Each structure stands twice: as structure tokens, then as C-alpha cells.
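Listed below, chain by chain, are the residues.
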Amino acid sequence: MWDPQQYLRHAGPRLRPLHDLLAHVPEALPPGRDGPPRIADLGCGPGGPTTHLADRWPTAHLTGYDSDPAMLDAARAHARDGAPDTAGRLDFAHADLADWRPGRNERFGLLFSNAALQWVPGHQHAFPDWIADLPSGGVLAFQVPGNFTAPSHTLLAALRNSPRWRDRLGAPSRADDVLDPAGYAAVLTPLGCTVDTWETTYLHRLTGPDPVLEWTKGTALRPVLTLLADDPQSRTAFLAEYATALRAAYPPTTEGTDTVTYFPFRRVFVIAVKH
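Residues numbered from 1 in each chain as written. Predicted model: local features only at pLDDT ≥ 70, side-chain atom pairs only at ≥ 80, totals over all residues. Heavy atoms only, no water.

S.K.: Could you give me a rundown of the layout of surface pockets, with the residues and numbers involved?
M.R.: Each pocket or cavity is described by its volume, and for the second largest pocket that value is around 270 Å³. In terms of lining residues, the second largest pocket is bounded by 16 residues, among which His 153, Ala 157, Pro 172, Ser 173 and Arg 174 are the most central. Per element, the largest residue contribution to the lining of the second largest pocket is five residues, and it comes from helix α6 (residues 151-160). Looking at the lining of the second largest pocket residue by residue, the class counts come to nine nonpolar, five polar and two charged. (1 Å grid on protein atoms, 1.4 Å probe; cavity = no way out; pocket = protein on both sides within 12 Å on 5 of 7 lines; lining within 4 Å. Points joined across faces, edges and corners; volume = space filled by probe spheres on them. Helix = DSSP H or I, 4+ residues; strand = E, 2+ residues; numbered from the N terminus. Nonpolar A, V, L, I, M, F, W, Y, C, P; charged D, E, K, R; others polar.)

S.K.: For the nonpolar core, give the residues involved together with the corresponding values.
M.R.: Of all hydrophobic cores here, the largest spans 27 residues; its most connected members are Trp 100, Leu 111, Trp 130 and Leu 140. Breaking this core down by element, the ones donating at least two residues are β1 (38-42), α5 (127-133), β5 (139-145), α8 (181-188) and β8 (258-274). When near neighbours in sequence (up to four residues on either side) are disregarded, Leu 140 contacts Leu 111, Phe 127, Trp 130, Ile 131, Leu 134, Leu 188, Val 270, Ile 271 and Ala 272. (Core = buried A, V, L, I, M, F, W, Y, C linked by side-chain atoms within 4.5 Å. Buried < 20%, exposed > 50% of the residue type's maximum accessible area, 1.4 Å probe, protein only. Contact = heavy atoms within 4.5 Å.)

S.K.: I'd like to hear about the side chain of Gln 143, residue by residue, with values.
M.R.: Among the secondary structure elements, Gln 143 is positioned in strand β5. Only 2.8 Å separates the side chain of Gln 143 from the side chain of Asn 114, close enough to count as a polar contact. (Polar contact = N/O pair within 3.5 Å; in protein donor to acceptor, adjacent residues only side chain to side chain.)

S.K.: Explain the packing of aromatic side chains to me, and be specific about the residues and the numbers.
M.R.: Per the stated rule, a full pass over the model turns up 14 aromatic pairs. Relative to Trp 100, the ring of Tyr 65 has its centre 5.3 Å away and its plane inclined at 55°; by these criteria the two rings are tilted. Of this pair, Tyr 65 sits in strand β2 (residues 61-66) while Trp 100 sits in the loop between β3 (90-94) and β4 (110-114), and the two are 35 residues apart along the sequence. A residue is classified by how much of its surface remains accessible, and Tyr 65, at 7% relative accessible area, is buried. Ring centres 5.6 Å apart and planes at 45° place the aromatic pair Trp 215 and Phe 265 in the tilted group. One end of the pair, Trp 215, is in helix α9 (residues 211-217); the other, Phe 265, is in strand β8, with 50 residues separating them in the sequence. One exposure class covers both Trp 215 and Phe 265, and it is buried. Grouping aromatic residues by their ring pairs yields a cluster made of Tyr 65, Trp 100, Phe 108, Phe 127, Trp 130, Phe 142 and Tyr 184. (Phe/Tyr/Trp six-rings, centres within 6.5 Å; stacked < 30°, edge-to-face > 60°.)

Dropping the structure here:
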């Protein structure tokens, strides 16, 4: 259960990796079956990133895919209320990335995913099918968080599996859901791709009370918030414990009149171009 408004509270820092990924995607994409390039935005969320793809490729037809109804409702507003030049070439559809494959009559030149594949354990096993459906010159481009060993995640996992919470919230570690750059290169290169992979650690400057908690409410905390949605008292208690741990791991500092928390965030980037 996602909350588009919570997710967008830190829209600026969340969009920076998107722009860094886009900067490395080749400008020229193979044509679709009907002429203009086709682009799939896998895990489009509330649709904002999809509009950046539309700006980058102004003649392409784009389809954003997501499994969450609230995110899709927010995304479809972009298709209804977007700029006139996106009319008829921007749409959104429900899909589970765990089993998504291009349709039989679809020919995508770019499969793009911004911070979504980390939610799909074993997502790399879909790459052979995805690459097989790309034409020569087609691109798979994605970025995923690589911070599952950071305190924001290890503290959350430890709390979920603590004696007080494990019966209701216990969950395995997600540290293995994302490969390192070399791991992705090892998977994609034998599939007939030229692969460019790298990682970047962003140092986000966050302000306000408990900003790391607020950040995780938009992403990593969503499963917990869903499980506790019918129990406000337990939800409040869990968030209080987690916030205390986060403040110790990411202590706020004072800069002039601002209270600032610095939040390191590692991300892994992949560009694979089919031969």
C-alpha cells in the first residue's frame, strides 16, 4: 500500500538519480512497429519520472507500468492533465514486475526503471526475456538503491525481527535483492549487450524533524505501515522506536537557523545496449 504524497515529499533528491541515469541513455532508440520508439517505464510510481522520459524523447510512445492502484491513479493524472504534446503518446497500465513481459505485438526500444526493481527479488532472472524482446540497439536502463546494509535498513530489519514485533512484522533481510555493478554486468554481458554499470553515493541534506524517518515512510517503511494500518497504537509505537534509532544513527546538526540531517544513499546504475 503506497502513498504517492508521502513518496513525493522528497521529490527533489529522488529525481536526481533519474536525471543521472537518463544522461547516460543513448539518444537514438530503435523505432517501434508503427514508427516512433516505444518506451516502457517499469515501476512508474506516481508518473513524474515518465514525464521526464516524454520530454527526452518527444516523439516516443510511453507506457508506465505499476502494480499499486494509488500510484497508477496519480500517474494517470499526468496523462489527463499533461502538456498537449503528450496527448495520445503517454499511458499507464497495471503490471506486476515479477512477471511482466512485453506483449506479443509490442516492440520497445527502451525498458526503463527508476528505483523499482529492488522490490522484485531475483529480478535479474527476467533479464534474458527482456533482452530477447529488444531489437538491436534497444536499451535496458535502470537504477536501484544499494543501501540495504545502511543503518536506515539494518535498524528497520532488526526492529521488525525483535521480540516485540517479529510475530507480526518479522521479515528476511533484503540485502541480496540488489547486485553490485559487477554482478549486473556479469548477468547482462552474456546476453549480447554492451554494459555500463556504476554506483554513486549521494549525500542528501534533509531538514525538519526526523527527516530520515519521513524519507523511509515513502519507501522502505511501506510494508510495515501496511501491516499496521489497522492498529494505530502499534503503528505509533513502532515508529517511535524506529525514529529513536534513526536519530542516533543519523544525528542532526545545526547550520545557522536550520536543523540538518545528512543521509548517505548509495545507488547502482545499469545501461545495457543490445548488439
